[in-house]
Amino acid sequence: MPTAGVACLIALTLAGCSAESDGASDAAPAATGPAGGRSASGSPTTSPEESGAGTRSGTRAGPGYAPYVSADEASGNDSAGSPTTYNLGFVIADGRDCTPKWNGVDAIGDKAVRSRISALTKTGATVRVSFGGASGTELAAACDSAPALAKAYGDALDAAGSTQADFDVEGDELTDSDSVALRSAAIAALQKERPDLEVTFTLPVMPSGLDADGLALLASANRHDVQVSTVNLMTMNYGESYAGDMGGYAITAATAAQAQLKKAFGTDDSAAWRGMALTSMLGTNDVDNETFTLADAGQVRAFAEEKGIAWLSMWSTFRDQECEAGSATDDALTDCSGVEQEDGAFAEAFSG
């Protein structure tokens, strides 16, 4: 039987509780993210992804669709699939201090980025600010205190007009226990100031599930009483020993992770699925022999619908198009998919 603190790790998405409590909602109200939650009054709340308003037209049910998009450059495929939410990346440090900047370059209040956010949200979609990513200096590695880090996160969220934060933690940052603890403390402090802040952790996964570092990050979040809406699994780039059925690997990875989350959270099957999101790298992956096809996308969508997974995402809208004839291999990893497709076809497959 898990302790109240362990159960809080994502029971927070169900009722809200404190790691110091007996399960009562005496901490910040539960995040109203895709897994569902309850407000301080105890009344149920849902996010667009959960309710299927993720289908802003109201005609599509099931997991929401929330692709990753560039903060400073529009793609002609951004609106394909009618996203519920856009994961806007990435906010990192400017390379010198604790100053948050888009891709480490553009000020968080950059006029072009503000205009871009306005265009993305004009149809009713929301924006989730994604902190971290695979490149640059993550803010938790640049800031020297939890208050400074919380301020950096808050400033970026305010500039974007968002109440949704995605913390994409990978590479060296995932293994750095000091920055992991600092991030957890900063997020917890920020949620005390902003009870409506929805938090997602985006973590690498293998077909065997989350690794020890990913589980340690979630344990750290629990110790600091972070209220988590979703754990977003990066179902991609598994390694040379994995080739072929990328849709099958995504399902295997999600199934393994669900068992881990269920155990860690002390919750039931459906709640563990509702606290999960999946992000695939469409087309050619960064690892040789890994290609995520349109058929794989349809397979993952059907699985997500069956299990009640919160939302699906992809890296990324600017890759959701066929490469021009004669383009170099590297181009397939930046501005096209590397497979035969119509523009926006992956978005349509993921959105159902």
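Nothing here was measured: the structure is a model prediction, and the numbers come from that model. (Residues numbered from 1 in each chain as written. Predicted model: local features only at pLDDT ≥ 70, side-chain atom pairs only at ≥ 80, totals over all residues. Heavy atoms only, no water.)

1. Here we look at the overall build of the chain
Defined as follows: Numbering of helices and strands runs from the N terminus; a helix is a DSSP stretch of H or I covering at least four residues, while a strand is a stretch of E covering at least two. Working definition: with a 1.4 Å probe on protein chains only, accessible area under 20% of the residue-type maximum means buried, over 50% means exposed, and in between means partly exposed. A contact between two residues is defined here by any heavy atoms of the two lying within 4.5 Å. For accessible areas, the Shrake-Rupley method is used with a probe of radius 1.4 Å. Any residue's cover is judged against the shown protein chains and nothing else.
On a plain count of helices and strands, the chain comes out with twelve helices and 15 strands. Every one of the 352 residues in the chain was classed for burial, and the buried ones make up 54%. Partitioning the contacts of the chain with sequence separation of at least 6, the portion at a separation of at least 24 is 69%. When the accessible surface of the chain is summed, it comes to about 13700 Å², and 50% of that surface belongs to carbon and sulfur atoms.

2. Re the pattern of salt bridges
What counts is decided by this rule: Counted as salt bridges are all cases of a side-chain nitrogen of Lys or Arg within 4 Å of a carboxyl oxygen of Asp or Glu.
Counting across every chain of the model gives six salt bridges. Here E138 ties to R183 by a salt bridge, and the two come within 3.3 Å at their closest N and O atoms. Of this pair, E138 sits in the loop between strand 8 (126–132) and helix 4 (139–142) while R183 sits in helix 7 (residues 177–193), placing them 45 residues apart in sequence. Look at R183 and you get buried, because its relative accessible area is 1%.

3. Focus on the confidence of the model for the chain
Note the following rule: pLDDT measures the predictor's confidence residue by residue and takes values from 0 up to 100.
Here the chain averages 84 in pLDDT, and 81% of its residues register 70 or above. Considering only residues more than four positions removed or in separate chains, one finds that residues 1–59, a stretch of pLDDT under 50, has 141 contacts.

4. Focus on unusual backbone geometry
The step from G89 to F90 runs through a cis peptide bond, and the omega angle for that step is -10 degrees. With respect to the helices, strands and loops of the structure, F90 is situated in strand 5 (residues 85–93). Here W315 and S316 are connected by a cis peptide whose omega angle stands at 0 degrees. You can see S316 is positioned in the loop between strand 15 (311–315) and helix 12 (345–351).

5. Concerning a negative patch on the surface
Heads up, the rule is: Excluding any residue in a salt bridge, patches collect residues exceeding 30% relative accessible area, merging like charges within 9 Å and nonpolar Val, Leu, Ile, Met, Phe, Trp and Tyr side chains within 5 Å. Charge assignment: positive for Lys and Arg, negative for Asp and Glu; neither His nor the chain ends contribute. All charge positions are set by atom: Lys at NZ, Arg at CZ, Asp at CG, Glu at CD.
Side chains of D72, E73, E324 and D335 sit close together on the surface and give a patch of like negative charge. Along the chain, the position of D72 falls in the loop between strand 4 (68–70) and strand 5.

6. Quick notes on the packing of aromatic side chains
The relation between two aromatic rings is expressed through the spacing of the ring centres and the mutual angle of the planes. How we decide: Any pair of Phe, Tyr and Trp rings, taking the six-membered ring for Trp, is counted once the centres come within 6.5 Å. Such a pair is stacked with planes under 30 degrees apart, edge-to-face with planes over 60 apart, and tilted for the rest. Here, over-ring charges are defined by two tests on the NZ atom of lysine or the CZ atom of arginine: distance to the ring centre within 6 Å, and angle to the ring normal within 35 degrees.
Evaluated as defined, the whole model comprises 13 aromatic pairs. Look at Y238 and Y242: their rings are 5.9 Å apart centre to centre, the planes differ by 65 degrees, and that puts the pair in the edge-to-face class. The buried category is assigned to Y238, whose relative accessible area is 5%. With a relative accessible area of 21%, Y242 lands in the partly exposed category. Note that R128 overlies the ring of W311, its terminal NZ or CZ placed 4.3 Å from the centroid.

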